[in-house]
Amino acid sequence: MEGFEVAKSENGDVAILYIKGYLDAHTAPDLESAFQQLVDAKKYSIVVNFKDLNYISSAGLGVFMGFIEDIRQNGGDIKLTNMKPKIYRVFDLLGFPTLYDILEEEEKAIEKFNKAKVKN
Amino acid sequence: MTILGKTPIQYRLKLPSQSDNLSLIRELVAKVATKVGFSNDDVSKIELAVDEACANVIKHAYGSNSKNIIDILIKVDKQKLMVVVTDKGKGFNPDEIKLPKMNEYLQEMRVGGLGIYLIETLMDKVNFDVKPGVRNQVKMIKYLNKPASTNDAN
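Residues numbered from 1 in each chain as written. Chains lettered and ligands numbered in written order. Predicted model: local features only at pLDDT ≥ 70, side-chain atom pairs only at ≥ 80, totals over all residues.

1. Re the overall build of chain A
Argument step 1. Summing up its helical and strand segments, chain A has 4 helices and 5 strands in all.
Argument step 2. Counting from the amino terminus, helix and strand elements in chain A follow one another as β-β-α-β-α-β-α-β-α.
Argument step 3. For 120 residues, the compact-globule estimate of 2.2 N^0.38 gives 14 Å, and chain A sits close to it at 13 Å.
Argument step 4. A principal-axis box enclosing the C-alpha atoms of chain A has dimensions of 45 × 25 × 20 Å.
Argument step 5. Across the 120 residues in chain A, those meeting the buried criterion constitute 38%.
Argument step 6. Considering only contacts within chain A whose residues lie at least 6 apart along the sequence, 71% involve residues at least 24 apart. (Helix = DSSP H or I, 4+ residues; strand = E, 2+ residues; numbered from the N terminus. Rg over C-alpha atoms; globule rule 2.2 N^0.38 Å. Buried ≥ 20, exposed ≤ 12 C-beta atoms within 10 Å, placed from the backbone. Contact = placed C-beta atoms within 7 Å.)

2. Describing the sheet that holds strand β4 (residues 125-131) of chain B
Residue and element names in this part refer to chain B.
Argument step 1. Across the sheet, 5 strands lie side by side as β1-β2-β3-β5-β4; this open sheet has antiparallel pairing. At either end of the open sheet lies a strand with only one pairing partner, and these are β1 (9-16) and β4. On average, each strand axis in the sheet is tilted by 10° relative to the strand beside it, whichever way the strands run.
Argument step 2. Two elements, β1 and strand β2 (residues 69-76), share 8 bridges in a ladder whose sense is antiparallel. What sits directly across from Leu13, in β2, is Ile72.
Argument step 3. Its contacts with the sheet put helix α2 (residues 40-61) on β2, β3 (80-87) and β5 (135-143), and the angle it makes with β3 is roughly 10°. (Pairing = 2+ DSSP bridges. Axes fitted to C-alpha atoms, helices over the stretch in contact; angles between N-to-C directions.)

3. Overview of the interface of chain B and chain A
Argument step 1. Facing the 21 residues of chain B at the interface are 22 residues of chain A.
Argument step 2. Listed by contribution, the elements that provide at least two residues to the side of chain B that touches chain A are α1 (22-36), α2, α3 (102-108) and α4 (115-122) of chain B.
Argument step 3. The dominant element in the side of chain B that touches chain A, judged by the number of residues it contributes, is α2 of chain B, at 7 residues.
Argument step 4. Grouping the amino acids of the side of chain B that touches chain A by side-chain chemistry returns 10 nonpolar, 6 polar and 5 charged. (Nonpolar A, V, L, I, M, F, W, Y, C, P; charged D, E, K, R; others polar.)

4. Notes on the sheet that holds strand β5 (residues 101-103) of chain A
Residue and element names in this part refer to chain A.
Argument step 1. Here we have 5 strands laid out as an open sheet, ordered β1-β2-β3-β4-β5, and mixed in their pairing. Strands with a single pairing partner mark the edges of an open sheet, and in this sheet they are β1 (4-11) and β5. Each strand of the sheet is rotated relative to its neighbour by a mean of 25°, with strand direction disregarded.
Argument step 2. Across 8 bridges, β1 lies against strand β2 (residues 14-23) in antiparallel orientation. Its bridge partner lying in β2, Glu10 is registered against Ala15.

5. Describing the environment of Val6 of chain A
All names here are of chain A.
Argument step 1. The residue Val6 is located in strand β1 in this model.
Argument step 2. Sequence separation between Val6 and Phe113 is 107 residues, and the spatial gap between their C-alpha atoms is 21 Å.
Argument step 3. The contacts of Val6, once residues within four sequence positions are left out, are Leu17, Ile19, Asp30, Leu31 and Ala34.

6. With respect to the pairing of β2 of chain A
All names here are of chain A.
Argument step 1. Between the antiparallel neighbours β1 and β2 lie 2 residues, among them Gly12 with a positive phi of about 65°.
Argument step 2. Of the strand pairs in this sheet, β2 and strand β3 (residues 45-56) are connected by 8 bridges, and their pairing is parallel. Across the sheet, residue Tyr22 finds its bridge partner in β3, namely Tyr55.
Argument step 3. For the segment spanning β2, helix α1 (residues 28-40) and β3, crossover handedness is right-handed. (Right-handed = clockwise from strand over helix to strand, strands pointing away.)

7. A closer look at unusual backbone geometry
Residue and element names in this part refer to chain A.
Argument step 1. Of note in this structure, Lys42 is not a glycine but carries a positive phi near 60°.
Argument step 2. Assignment of secondary structure puts Lys42 in the loop between α1 and β3.
Argument step 3. By the C-beta count within 10 Å, which is 8 here, Lys42 ends up exposed.

8. Side note on the nonpolar core
Argument step 1. If you look at the biggest cluster of nonpolar residues, it comprises 68 residues, and the most contacted ones within it are Leu23 of chain A together with Ala49, Ala53 and Cys54 of chain B.
Argument step 2. Discounting chain neighbours no more than four positions away, the residues touching Cys54 of chain B are Leu22, Ile25, Ile70, Ile72 and Val85 of chain B. (Core = buried A, V, L, I, M, F, W, Y, C linked by C-beta atoms within 7 Å.)

The quantities given are spatial measurements derived from coordinates; they are silent on function.
Take a look at the structure:
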């Protein structure tokens, strides 16, 4: 069975979601509820670490689309990190790199959030 | 490769219209495509295109009613792999489907509606045959050695 898992972690004010496995129309609701919980808790600085993600379809991409606007309006962002080339290609195909901050390392994303905080 | 003789080989899968079957469908399609000799890159493309077509049927054509059947036919010969996804659900008017213009799309940050765009982009040839409630069909072809002139859907 090709499953999907979301694990949560925190680094200061930054919430980190580790996603693992296969993100498709069946498993996208799991990621959606993880985002919803963060938004409900007013945690708007979110890093999603894709290190262990093996597959993504448009249903998975739709989850990010569904939250980005709301999160940015609240002064936050969703930063995506550690993507395998195969996963990045799907994002690239849809022009997502112009819309999302996609970084190689989780640490870089956290750093960016912290720097932005100091500026404000 | 060895499995490809003169006559095409067919694989057929009839499954309840449930999203938890998507992984099973992907696995079969990927295995067949690999066996036929597609590169890993092409296998990933075929896998994703078929997933999108089936996810559309499950969510839209059948409105997530798992009593319905989704029918997947995979046909391979020396030149190509063809996947035909058939349902008897609501269907859609293919003429009304405009491929999203990505700039507008990104500005609007619209949710969903990317499946058809992906299918058209990932496969070499795509054809929709829609008779709502009777039979809707998406036919997708990927060529093993893509001829230079097959960028168009027709």
